[in-house]
Amino acid sequence: KGREGGDWGRGGERGGRGAVKPSTVLCTECGEVVMSHELLQHQRSHMQVQCDYCYTLLPEHALDYHKKNKCPNRPLKCTYCRGVVSADEYDTHEAQCGDELTECKTCGGRFERRKIKSHDCKRAQQEARADMLRKKRGAAGVGADSAAEHA
């Protein structure tokens, strides 16, 4: 048959038996050309849905990406304590998390941040004792010099 009539085959080729030319339609929402039998599913992708974490409305097709990558309230696990915090609080939490290992500037030991002030720092104790002894010696020396001057 000629161009004016005949059956449509696979892939839009003429000459197939009983095949129908697939119809396409234009999506009124985005202007995309879609197969008519897929229009309803395509239009659903434009429906606004609400994010469970931040309640923002966005197109359904963008929801998964938003929840995994962009939502400020998406839950994230702290690297140190494994607690769950929202994405917008994550950096602040990690910067202050008590489970982060921190180095003691006095003894060089590594301790959880919340325990750093209360750890048993041998070097700090030794330095504190040495300072006390120096002060005692200094105080005894000042008193001895004063007594010798007055005599």
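Above this text is the structure in question.
Residues numbered from 1 in each chain as written. Predicted model: local features only at pLDDT ≥ 70, side-chain atom pairs only at ≥ 80, totals over all residues. Heavy atoms only, no water.

J.: I'd love a proper account of the overall build of the protein chain, names of residues and values included.
T.: Of the regular secondary structure elements, the protein chain holds four helices and eight strands. For the protein chain, the succession of helices and strands along the chain, N to C, is β-β-α-β-β-α-β-β-α-β-β-α. The buried share of the protein chain, taken over its 151 residues, is 19%. Nonlocal contacts in the protein chain, meaning residues at least 24 apart in sequence, comprise 0% of its contacts between residues at least 6 apart. Summed over all atoms, the accessible surface of the protein chain reaches about 11,900 Å², with 50% contributed by carbon and sulfur. (Helix = DSSP H or I, 4+ residues; strand = E, 2+ residues; numbered from the N terminus. Buried < 20%, exposed > 50% of the residue type's maximum accessible area, 1.4 Å probe, protein only. Contact = heavy atoms within 4.5 Å. Areas by Shrake-Rupley, 256 points an atom, 1.4 Å probe, with all protein chains shown as cover.)

J.: Give a detailed account of the side chain of Glu94, specifying residues and quantitative values.
T.: Of note, Glu94 is situated in helix α3 (residues 87-96). Buried within the structure, Glu94 lacks any salt-bridge partner; Arg82 is the closest side chain of opposite charge, at an N-O distance of 7.1 Å. Polar side-chain contacts of Glu94 include one of 2.5 Å to the side chain of Thr79. At 2.8 Å, the side chain of Glu94 and the side chain of Tyr90 are in polar contact. Every residue in contact with Glu94, bar those within four places of it in the chain, is listed here: Cys78, Thr79, Tyr80, Glu100 and Arg113. (Lys, Arg positive; Asp, Glu negative; His and termini not counted. Salt bridge = Lys/Arg side-chain N within 4 Å of Asp/Glu carboxyl O. Polar contact = N/O pair within 3.5 Å; in protein donor to acceptor, adjacent residues only side chain to side chain.)

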